[in-house]
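# Examining the three-dimensional arrangement
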Amino acid sequence: MILLGIDPGCRFAGFGVIRKQNGVVVLLEHGCLRLSASKPLSERIALFHDFFLGKIVQYHVTDLALETPFLGKNAQNFLKLGYLRGVLYLLAHKNTIHIHEFSPREIKQGITGFGGASKEQVARVITQLFPRINPVFETNDISDALAVTLCGLWNTQKSQTF
């Protein structure tokens, strides 16, 4: 199994790629796609599509993990996030990839043991789980994406044991 976890955003999209084979989990890649706010939204969506299609093809991704969106203070951002999620759903369908979705609370609970954990607490646990990566993430998008990726991994492990 190769799982791609994504924290989508129109400016920053964090991601993590994990492979599990014979009980061994390996972090293959993690990072953040940066999209310029000065570019039109249609161009950013196309760049987002091409970038994640490249990761899917490069790593032969079998599973995709996403955080379910929540309507915050800005409905416009929520709408734009919907465009990106639509791209990911299409990529998953076209490439026969299983989608796993988790609420922010489920992710925080799964990673830290507390559903109301802060982003800093999540990042701290991620650096403990992956001690070889840089302990200071450039953005929360990377640690959030790795948290989503791990939830996807743990969820598929549970579903495969029953």
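Residues numbered from 1 in each chain as written. Predicted model: local features only at pLDDT ≥ 70, side-chain atom pairs only at ≥ 80, totals over all residues. Heavy atoms only, no water.

### A few points about the side chain of Asp-63
To keep it simple, the criterion reads: The numbering of helices and of strands both runs from the N terminus, where a helix is a DSSP run of H or I of at least 4 residues and a strand a run of E of at least 2. Summary of the burial criterion: residues with accessible area below 20% of their type's maximum are buried, those above 50% are exposed, and those between are partly exposed, where the area comes from a 1.4 Å probe applied to protein chains only. The sign given to each residue is positive for Lys and Arg and negative for Asp and Glu; His and the chain ends receive no count. Every case where a carboxyl oxygen of Asp or Glu lies within 4 Å of a side-chain nitrogen of Lys or Arg is listed as a salt bridge. In protein, a polar contact requires one atom able to donate a hydrogen and another able to accept it; more generally it is a pair of N or O atoms within 3.5 Å, and residues adjacent in sequence count only if both atoms are side-chain atoms.
With respect to the helices and strands, the residue Asp-63 is situated in strand β4 (residues 63–67). Of the buried charged residues, Asp-63 lacks a salt bridge, with Lys-20 as the closest side chain of opposite charge at 11 Å. Among the polar contacts listed, one links the side chain of Asp-63 to the side chain of Thr-62, at a separation of 2.7 Å.

### Considerations on the packing of helix α1 (residues 41–59) against helix α2 (residues 75–94)
Using the following cut-off: All axes here are fitted lines through C-alpha atoms, helices being fitted over the stretch that makes contact, and every angle between N-to-C directions spans 0 to 180 degrees. Working rule for handedness: look at the near helix, and if it is turned counterclockwise from the far one by less than a right angle, call the crossing left-handed; if clockwise, right-handed. Here, two residues are considered to be in contact whenever any of their heavy atoms come within 4.5 Å of each other.
In contact at an axis separation of 10 Å, α1 and α2 are set at 35° when each is read in the N-to-C sense. Seen along the crossing, α1 lies across α2 with a hand that is right-handed. Between α1 and α2, the contacting residues are Leu-41, Ile-45, Phe-48, His-49, Phe-52, Leu-53 and Ile-56 on the first element and Lys-80, Tyr-83, Leu-84, Val-87, Leu-88 and Leu-91 on the second.

### A short note on the pattern of salt bridges
Opposite charge on two side chains lets them pair, provided their charged atoms get close. According to the stated counting rule, one finds four salt bridges in the structure shown. Asp-144 is the partner of Lys-119 in a salt bridge, and the nearest nitrogen-oxygen pair spans 2.5 Å. Here the residue Lys-119 occupies a position in helix α4 (residues 119–129), and Asp-144 occupies one in helix α5 (residues 140–161), the gap between them amounting to 25 residues.

### Considering the confidence of the model for the protein chain
This is how it is decided: The predictor rates its confidence in each residue with pLDDT, a number between 0 and 100.
Confidence in the prediction for the protein chain averages 88 pLDDT; 90% of positions are at 70 or higher. Per-element confidence in the protein chain is highest for α1, whose mean pLDDT is 97, and lowest for α5, whose mean pLDDT is 80.

### What about unusual backbone geometry?
In this model, His-60 sits at a positive phi of 55°, which is unusual for a non-glycine residue. On the secondary structure map, His-60 appears in the loop between α1 and β4. You will see that Thr-96, though not glycine, has its phi angle at about 50°, which is positive. For Thr-96, the position within the fold is in the loop between α2 and β5 (98–102).

### Observations regarding the side chain of Arg-44
Note on placement: Arg-44 falls in helix α1. Within the buried core, Arg-44 has no salt-bridge partner, and the shortest N-O distance to an opposite charge, that of Glu-43, equals 8.1 Å. Beyond its immediate sequence surroundings of up to four residues, Arg-44 is in contact with Cys-10, Arg-11, Leu-35, Ser-36, Ala-37 and Lys-39.

### A closer look at the environment of Thr-112
By the element assignment, Thr-112 lies in helix α3 (residues 104–112). Here the alpha-carbon distance between Thr-112 and Val-61, two residues 51 residues apart in the chain, equals 26 Å. Setting aside residues no more than four positions away along its own chain, Thr-112 makes contact with Ala-117, Gln-121, Val-122 and Val-125. Engagement of the side chain of Thr-112 in a polar contact is seen with the backbone oxygen of Lys-108, the distance being 2.7 Å. Side-chain polar atoms of Thr-112 contact the backbone oxygen of Phe-114, separated by 3.0 Å.

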